[in-house]
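Analysis of the macromolecular model
Listed below are the residues making up each chain.
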Amino acid sequence: MFGLTDAAHIGISAGLTSVTTAALGSFVLLKDPKSSLYRVFSIYSFSITVWSSLLALHVFTANRSVAEFTARYLHVGATLIPTLFVHFVLQFFSNRKRKTVNLLVAPLYVITATLMFLCINGTLVSEVAPKYGIKYLMVGNRGYIYLVLYFIACAAWGLSTLFLGYLKAEGVRKNQIKYLLFGSLLGYFGGLDNFLYL
């Protein structure tokens, strides 16, 4: 794209993503801070902000220590993204009480906390190496595939639920779901290539 290196493309798109998701999350939260649906969506947006801002820093840094730190801690956002997406979609379509939704997503948060811990402590991500024009790109260890599979499974469930909801919806609700589905497809398919670099 416009003669950009892989590193510049990844870093610039991650930086732009961090700005737009922070703005979106803030806008939604300020619109109705008492709405649990809006709060979950805002936290989801902020987790994307954490991941993408640390990814941009990771790609552009020339300091090995900063690269190792960001390689581990960008996964705080990366592990929360799929779980919060499922939580949001469940709540968006749910006629159940909030406690029921929370019980359904509680096991996902346990998986998230486990994956996050394993990334931060160096079990899943411990090294950085030069690759694709990036001076210190993170290297996923053997178990990293479980994080990738978890991410894909949650994203696929959320996207398919949005699609099925779109097919059944009518009027304004159908239009809302259309925009959610389009934005989510764009985000997940656009972001999926980040796993391909590892």
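Before reading further, recall that the structure is shown in the block above.
Residues numbered from 1 in each chain as written. Predicted model: local features only at pLDDT ≥ 70, side-chain atom pairs only at ≥ 80, totals over all residues. Heavy atoms only, no water.

**A look at the overall build of the protein chain**
- Helix and strand counts for the protein chain come out as seven helices and two strands.
- Shown N-terminal to C-terminal, the secondary structure of the protein chain runs as helices and strands in the order α-α-α-α-β-β-α-α-α.
- Rg of the C-alpha trace for the protein chain: 17 Å, near the compact-globule value of 16 Å for 198 residues, within the 12% margin.
- Considering only contacts within the protein chain whose residues lie at least 6 apart along the sequence, 66% involve residues at least 24 apart.
- Per element, the accessible surface of the protein chain, about 10,900 Å² overall, is 69% carbon and sulfur.
- Charge separation in the protein chain, taken as the distance between the mean sites of 16 positive and 6 negative side-chain charges, equals 12 Å. (Helix = DSSP H or I, 4+ residues; strand = E, 2+ residues; numbered from the N terminus. Rg over C-alpha atoms; globule rule 2.2 N^0.38 Å. Contact = heavy atoms within 4.5 Å. Areas by Shrake-Rupley, 256 points an atom, 1.4 Å probe, with all protein chains shown as cover. Lys, Arg positive; Asp, Glu negative; His and termini not counted. Charge placed at Lys NZ, Arg CZ, Asp CG, Glu CD.)

**Quick word on the packing of aromatic side chains**
- Enumeration over the complete set of coordinates arrives at eight aromatic pairs.
- Relative to Tyr 188, the ring of Phe 151 has its centre 5.9 Å away and its plane inclined at 65°; by these criteria the two rings are edge-to-face. Of the two residues, Phe 151 sits in helix α5 (residues 144–168) while Tyr 188 sits in helix α6 (residues 171–191), which places them 37 residues apart along the sequence.
- With relative accessibility at 11%, the residue Phe 151 sits in the buried group.
- On the basis of relative accessibility, which here comes to 9%, the residue Tyr 188 falls in the buried class.
- Cluster of aromatic residues (ring-pair linked, three or more members): Phe 41, Tyr 44, Phe 85, Phe 88, Phe 92, Phe 93, Phe 151 and Tyr 188. (Phe/Tyr/Trp six-rings, centres within 6.5 Å; stacked < 30°, edge-to-face > 60°. Buried < 20%, exposed > 50% of the residue type's maximum accessible area, 1.4 Å probe, protein only.)

**Describing helix α1 (residues 6–31)**
- Taking 1.5 Å as the rise per residue, α1 with 26 residues should run 38 Å; its terminal C-alpha atoms sit 37 Å apart, in good agreement.
- Residues Ala 7, Ala 8, Ile 10, Gly 11, Ala 14, Ser 18, Thr 21, Gly 25 and Val 28 constitute the buried set of α1. (Expected span 1.5 Å × (residues − 1).)

**Let's talk about the packing of α1 against helix α2 (residues 36–60)**
- Running from N to C, α1 and α2 point in directions that differ by 155°, and their axes come no closer than 7 Å. By the angle class used here, α1 and α2 are roughly antiparallel. α1 and α2 meet at a crossing whose hand is left-handed. (Axes fitted to C-alpha atoms, helices over the stretch in contact; angles between N-to-C directions. Parallel < 35°, antiparallel > 145°, perpendicular 65-115°, else oblique. Left-handed = near helix turned anticlockwise from the far one by under 90°.)

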